[in-house]
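Architecture and fold: a report
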Number of protein chains: 2
Amino acid sequence: MTNRVRIIEVGPRDGLQNEKQVVTTATKLGLIERLAKAGLRHIEATSFVSPKWVPQMADHAEIMAGLPALPGVHYPVLTPNLKGYEAAVAAGAKEVAVFAAASEAFSQKNINCSIAESIARFEPVFAAAAKDGVRVRGYVSCVVACPYEGPVAPAKVAEVAERLRALGSYEVSLGDTIGTGTPASVLRMLEAVAARVPLAELAGHFHDTYGMGVANVHASYQFGLRCFDSSVAGLGGCPYAKGATGNVATEDVVYLLNGLGADTGIDLDALVDAGAWISEALGRPTGSRVARALLARRSA
Amino acid sequence: MTNRVRIIEVGPRDGLQNEKQVVTTATKLGLIERLAKAGLRHIEATSFVSPKWVPQMADHAEIMAGLPALPGVHYPVLTPNLKGYEAAVAAGAKEVAVFAAASEAFSQKNINCSIAESIARFEPVFAAAAKDGVRVRGYVSCVVACPYEGPVAPAKVAEVAERLRALGSYEVSLGDTIGTGTPASVLRMLEAVAARVPLAELAGHFHDTYGMGVANVHASYQFGLRCFDSSVAGLGGCPYAKGATGNVATEDVVYLLNGLGADTGIDLDALVDAGAWISEALGRPTGSRVARALLARRSA
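Predicted model only: the values in this text are computed from it and were never measured.

Concerning the side chain of Thr79 of chain B
Relative to the helices and strands, Thr79 of chain B resides in the loop between strand 4 (77–78) and helix 4 (82–90). Contacts of Thr79 of chain B, omitting those with residues within four sequence positions, involve Phe48, Gly84, Tyr85, Ala88, Val96, Ala97, Val98, Phe99, Phe122 and Val125 of chain B.

Concerning the pairing of strand 1 (residues 6–9) of chain B
Residues and elements named next belong to chain B. Taken together, the four bridges between strand 1 and strand 11 (residues 227–230) define a ladder with parallel strand orientation. Bridge pairing links Arg6 to Cys227 in strand 11. Two elements, strand 1 and strand 2 (residues 42–43), share two bridges in a ladder whose sense is parallel. The residue bridging Glu9 from the neighbouring strand is Ile43, located in strand 2.

Considerations on the nonpolar core
Counting residues in hydrophobic clusters, the biggest one holds 207 residues, and the most contacted among them are Val140 and Leu174 of chain A together with Val140 and Leu174 of chain B. Aside from chain neighbours lying at most four places away, what touches Leu174 of chain A is Val140, Val143, Val157, Ala161, Met189, Leu190, Val193, Leu202, Ala203, Gly204 and His205 of chain A.

Digging into the sheet that holds strand 11 (residues 227–230) of chain A
Residues and elements named next belong to chain A. Sheet architecture is open: nine strands sit in the order 2-1-11-10-9-6-5-4-3, paired in parallel fashion. Each edge of the open sheet is held by one strand with a lone partner, namely strand 2 (42–43) and strand 3 (46–47). The strands touched by helix 7 (residues 154–167) within the sheet are strand 5 (95–101), strand 6 (135–141) and strand 9 (171–175), with strand 6 carrying the most contacts at an inclination of about 170°. Set on the sheet, helix 10 (residues 250–259) makes contact with strand 1 (6–9) and strand 11; between it and strand 1 the angle comes to about 175°.

Points about the pattern of salt bridges
Residues and elements named next belong to chain A. Tallying each qualifying case throughout the model produces 32 salt bridges over all chains. Among the ionic pairs, Glu33 bridges to Lys37, the shortest N-O distance being 3.2 Å. Separated by four residues within a single helix, Glu33 and Lys37 lie in helix 2 (residues 25–37), roughly one turn from each other. Overall, the relative accessible area of 36% leaves Glu33 in the partly exposed class.

Some points on the sheet that holds strand 6 (residues 135–141) of chain B
All names here are of chain B. In space, the nine strands of this open sheet follow the order 2-1-11-10-9-6-5-4-3, with parallel pairing throughout. A strand with exactly one partner marks an edge of an open sheet, and here the two such strands are strand 2 and strand 3 (46–47). Where strand 3 and strand 4 come together, two bridges link them in parallel fashion. Residue Ser47 lies in a different strand from strand 4, and its bridge partner there is Leu78. Running over the sheet, helix 6 (residues 115–132) touches strand 5 (95–101) and strand 6 and is turned about 165° from strand 5.

Comments concerning the packing of aromatic side chains
A complete count under the given rule lists six aromatic pairs over all chains for this structure. With a centroid separation of 5.0 Å and 25° between ring planes, the pair formed by Tyr210 of chain A and Tyr255 of chain B is classed as stacked. A residue pair is termed interchain when its members come from two chains, as with Tyr210 of chain A in the loop between strand 10 (202–205) and helix 9 (213–223) and Tyr255 of chain B in helix 10 (residues 250–259). The class of Tyr210 of chain A is buried, set by a relative accessible area of 3%. Residue class for Tyr255 of chain B comes out buried when judged on its relative accessible area of 14%. Sitting over the ring of Trp277 of chain A, Arg34 of chain A keeps its end group 3.9 Å from the ring centre. Arg226 of chain B extends its terminal NZ or CZ atom over the ring of Tyr221 of chain B, reaching a point 3.8 Å from the ring centre.

A word on the relation of the copies chain B and chain A
Note on the identical chains: chain B maps onto chain A by a rotation of 180° and an axial translation of 0.0 Å, with an RMSD of 0.0 Å. Here the transformation between the copies is reduced to the relation of a two-fold axis. It is Ala215 of chain B whose C-alpha, among those of chain B, lies nearest the rotation axis, at 2.0 Å. Looking at the interface residues of chain B, 100% of them are also at the interface in chain A, so both copies use one shared face.

Rules used in this analysis
Per chain, residues are indexed from 1 in the order of the written sequence. Ligands are numbered from 1 and chains lettered from A, in the order in which they are written. It should be noted that, the model being predicted, local features are given only for residues of pLDDT at least 70 and side-chain atom pairs only at 80 or more, the latter also being counted only at that level, while totals for whole chains, interfaces and linings use all residues. Just so you know, side-chain values use all the structure's heavy atoms and leave hydrogens and water out. Numbering of helices and strands starts at the N terminus; helices are DSSP runs of H or I of at least 4 residues and strands are runs of E of at least 2. The contact criterion used is simple: two residues touch if any of their non-hydrogen atoms lie within 4.5 Å. By this definition, two strands are paired if DSSP reports at least two bridges between them. Take the buried Ala, Val, Leu, Ile, Met, Phe, Trp, Tyr and Cys residues and link them wherever side-chain atoms come within 4.5 Å; each set so joined is a nonpolar core. In this scheme, a residue with accessible area under 20% of its type's maximum is buried, one over 50% is exposed, and one in between is partly exposed, where area comes from a 1.4 Å probe on protein chains only. To obtain an axis, a line is fitted to C-alpha atoms, over the contacting stretch when the element is a helix, and the angle between two such axes runs from 0 to 180 degrees between their N-to-C directions. For this document, the term salt bridge refers to a Lys or Arg side-chain nitrogen within 4 Å of an Asp or Glu carboxyl oxygen. Aromatic rings from Phe, Tyr and Trp, with only the six-membered ring used for Trp, were paired whenever their centres fell within 6.5 Å, and each pair was classed as stacked if the ring planes differed by under 30 degrees, edge-to-face if by over 60, and tilted otherwise. In this analysis the charged atom, NZ for Lys or CZ for Arg, is taken to sit over a ring once it is within 6 Å of the ring centre and within 35 degrees of the ring normal. Only residues with pLDDT of at least 70 in both copies count here: their C-alpha atoms drive the least-squares fit that superposes the copies.

Nothing here speaks to function; it is all geometry.
Here is the structure:
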């Protein structure tokens, strides 16, 4: 089993999207540049959703135009439908991400349609992407539990993940959207999904709302997962528990993986710098415990 | 393997001792009472060290006099030497804790003597305790790394733990004092110690300074450990990284263990109440992510 781990940095999109204040395009690009310099090779850059729904991502075309062109660095963008996909590709996107929930109630409340309808909506995106040579990543949300209907059956997660793969996702990211999972429930889910989608095409997307993010990454790594989504400085809150933490912090994940002897290719000190920089720009404390400890040690 | 886990609540001692402001005796006793009502059966109540060194614990005799007499609830107290032991027993202590470091540099800097000298100092405590029928718990600090000399050899930890057991400790608590351990280094250490001290007589004492506390509890639980020290609301900071987190929060540990199907006998909601109460009394945010998320959900 390889010890190489890919980290998908979701701070500039999933993270900032859930921060309340408006962030300037220059700040977003400054963050992305710092992340790329720290060794991140996959940075979710923006979202091509309507500015009406997500005003924070209204500058998606400017972001795409300003991305640092660095060899080997990928900038996936979120696309909710064919219109978003076309705008993304027109703006230069080479990789997009689509999403579905593993919970019917969440799908209805979040995007106002059933899981099946949401996936059907992505079929033309997959078709166009295949033609355009654009890679598509699939997200599944609520893989452990749903804020509206409670525990989600692992078989349901497996079904949605398998469907996204069949349509053409090169990878499916499994999101514990409300962060209630522990290693036990995460492993039950992973076992069910891995029976239908190769482990090498799966990613773990954990939230730290209940402080379980790092433990879930560790348990998944032990299980064989080698790709994780995370957010520098733990950017992004949790819309289902105001004031609580959202995405697990990239610094904490990298620190853990370094300790486990995994190779992420990321320079932890430069990553801490990037997190400190954006936290200061946002005027909020970092959500990364590793960053807090390392910054305290530096200033001592 | 049993799924019963004992939690040793160290907030009122190890936690408050590292909080800067003076906490009144009434507040300490209010916290202890709430913890006992939440189902904690082992609550480290105070420390019989000189008020010159630890002013926060100067009210140790008053604390002992005010402890709620509840069946099955134990109140160990920290004792640095025979004089402290005698004062503790005179004040009514039925269980004491002694401590040694696994790092020579830490022992010298922290208590100004070698590890061997520090253990020799406890020999009369063990002798008196055996005569008095007082239980003695041993703490080993720096079991993964030392703030002064870096990584600590697992064999050294095993040696100190074995010595504390041979002298009469009914349990040895293994403390990752600076919180730099990850599941890999923690397991290397545990394997070495468990080769010389029965697992059933070991406890894990993890700090969350680098966000690894919960993951280390999980890895240790998987390894077979069934006793953990933790601090409600994550009370206590880290003297080696100002502003950083110290003890792993009891709420987070209980949430994890509940998820793993372990039985702690603790009422998580009542525990969250106890943590919210002391955090408000101290005028500081809780250090527990579980508490933050559950309190946010309650107020929603």
